[in-house]
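Report on the structure
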Amino acid sequence: MELTPLDPTQLSTAAQRALGPGPGRMMASKGMMPLPPADQVAVLYQLHLDADAMIAGSSRATASGLPEKLLSGTLADPNLDPRILHFFGERCFDKPNVFDAIALNPSVADSTLAMLGAKGDARGVDQIAQNEQRLLRHPEIIAAMYMNRKARMSTIDRVVELAVRNHVRVPGLACWDEVARALTGGVSSANEDDLFHEVAVALSTNDDAALTTGDLERDLTDEEEQRRLDDAKKLVDEKRIPFARLSIPAKIRVATLGDAYARSMAIRDPVKIVSMAAIKSPGLSDMEAAAYARNQALAEEVIAHIARRREWTKMYAVKVALCRNPKTPIAESAKLLPFLREKDLVSIGKSRGVSSAVVAQARKLMSQRRGGDNKK
């Protein structure tokens, strides 16, 4: 939500006086002006946009520190401006009573609920999930809840089922097709909630995969690739991450929210919609894409997805890896072969591990280049 200044003429006389010129503005920013609660929150909102950085900063600090009881009672007023609700929601979402006052206020903006859905704890997300009319009207709220690791898996199952049942597509989730297909119509049990929480906590303490930029400039041998996989598996075993015990919807969510190690588990899952969720994860790095492009053990759909991502195929290492991978669609390999260097074309032209059509085209391109050199 764009937080723009309020219309001063719509404010009370006391609030207008506090916002007038003079030293009173600084006093008001510190909460030192004797104002009714409704006027105080409006004045603090207005002053946080002040051109004077000291006044603006002071008002933000004061807003964050107001007593929870005062705020919860004031922010429950349905006549309050939605911008004020958003402003305090950003700063006080961790105060349960304030969270509820804003989330349940009929004047709250849809975008504010999405923000709260992304930041709230499990209890707060459950509160938002009850407003089905809002979820269907603004499905971005569902996306925000989905990406919140604190949200219970059972709650996510329920809101996803709501969207699917009402033919609402949730924007902002690259893996929405996989999420919708995995839906069984049931609600996760408390045990599933506990399992997902266990995995989420474990993954939040992991460092990302130790792939370096140098890995993109050379080819990893099969032994090196296997060693990386073994290292990832060892870490998973050490942390006792119960990934295999999760339901398919929970695996997809872990693949979407997790780190490189979570994706390394999910992308090798035998259920294709889980592996596709991993390759579509917003956190997947270019270096991971390059490593997966050369992995012949992955599903064909995963390799095809990499080949269709232009931002990944711009990298030379990805081009080479895809052309060498027999699971890359021939049409995609054909587009990439002309961009390969001579030594790589020669290697592919001699390879027995790729399609004969790809080998033939590599040899043809090599012949054309050498023919062109001879003419020169």
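Residues numbered from 1 in each chain as written. Predicted model: local features only at pLDDT ≥ 70, side-chain atom pairs only at ≥ 80, totals over all residues. Heavy atoms only, no water.

**Topic: the side chain of aspartate 100**
Going by this rule: The helix and strand labels rest on DSSP assignments: H or I over at least four residues marks a helix, E over at least two residues marks a strand, and numbering proceeds from the N terminus. Whether two residues touch is decided by their heavy atoms; if any such pair falls within 4.5 Å, the residues are in contact.
With respect to the helices and strands, the residue aspartate 100 is situated in helix H7 (residues 96–103). The contact partners of aspartate 100, leaving out residues within four places of it in the chain, are Arg123 and Gln127.

**So, the environment of proline 82**
Relative to the elements of secondary structure, proline 82 occurs in helix H6 (residues 82–92). Along the sequence, proline 82 and serine 111 sit 29 residues apart, while their C-alpha atoms lie 10.0 Å from each other. In contact with proline 82, not counting residues within four places along its chain, are Met1, Ser107, Ala109 and Thr112.

**Examining the pattern of salt bridges**
Pairing between side chains of opposite charge can happen when the charged atoms of each approach one another. Stated formally: Take a side-chain nitrogen of Lys or Arg and a carboxyl oxygen of Asp or Glu: if they are within 4 Å of each other, that pair is a salt bridge. Exposed residues in this analysis have more than 50% of their type's maximum accessible area, buried residues have under 20%, and partly exposed residues fall in between, with area computed by a 1.4 Å probe over protein chains only.
Evaluated as defined, the whole model comprises 18 salt bridges. For aspartate 50, the salt bridge identified is with arginine 25, shortest N-O distance 2.0 Å. Here aspartate 50, found in the loop between helix H3 (37–47) and helix H4 (53–65), pairs with arginine 25, found in helix H2 (residues 24–29); they are 25 residues apart in sequence, far enough to count as distant. Between glutamate 342 and arginine 370 there is a salt bridge; the shortest N-O distance is 3.8 Å. A residue pair is termed long-range when its members are at least 10 positions apart, and glutamate 342 in helix H24 (residues 342–349) and arginine 370 in helix H25 (residues 356–375) qualify at 28 residues. The class of glutamate 342 is partly exposed, set by a relative accessible area of 43%. Taken together, the salt bridges that share partners define one network made up of Asp110, Arg134 and Arg137.

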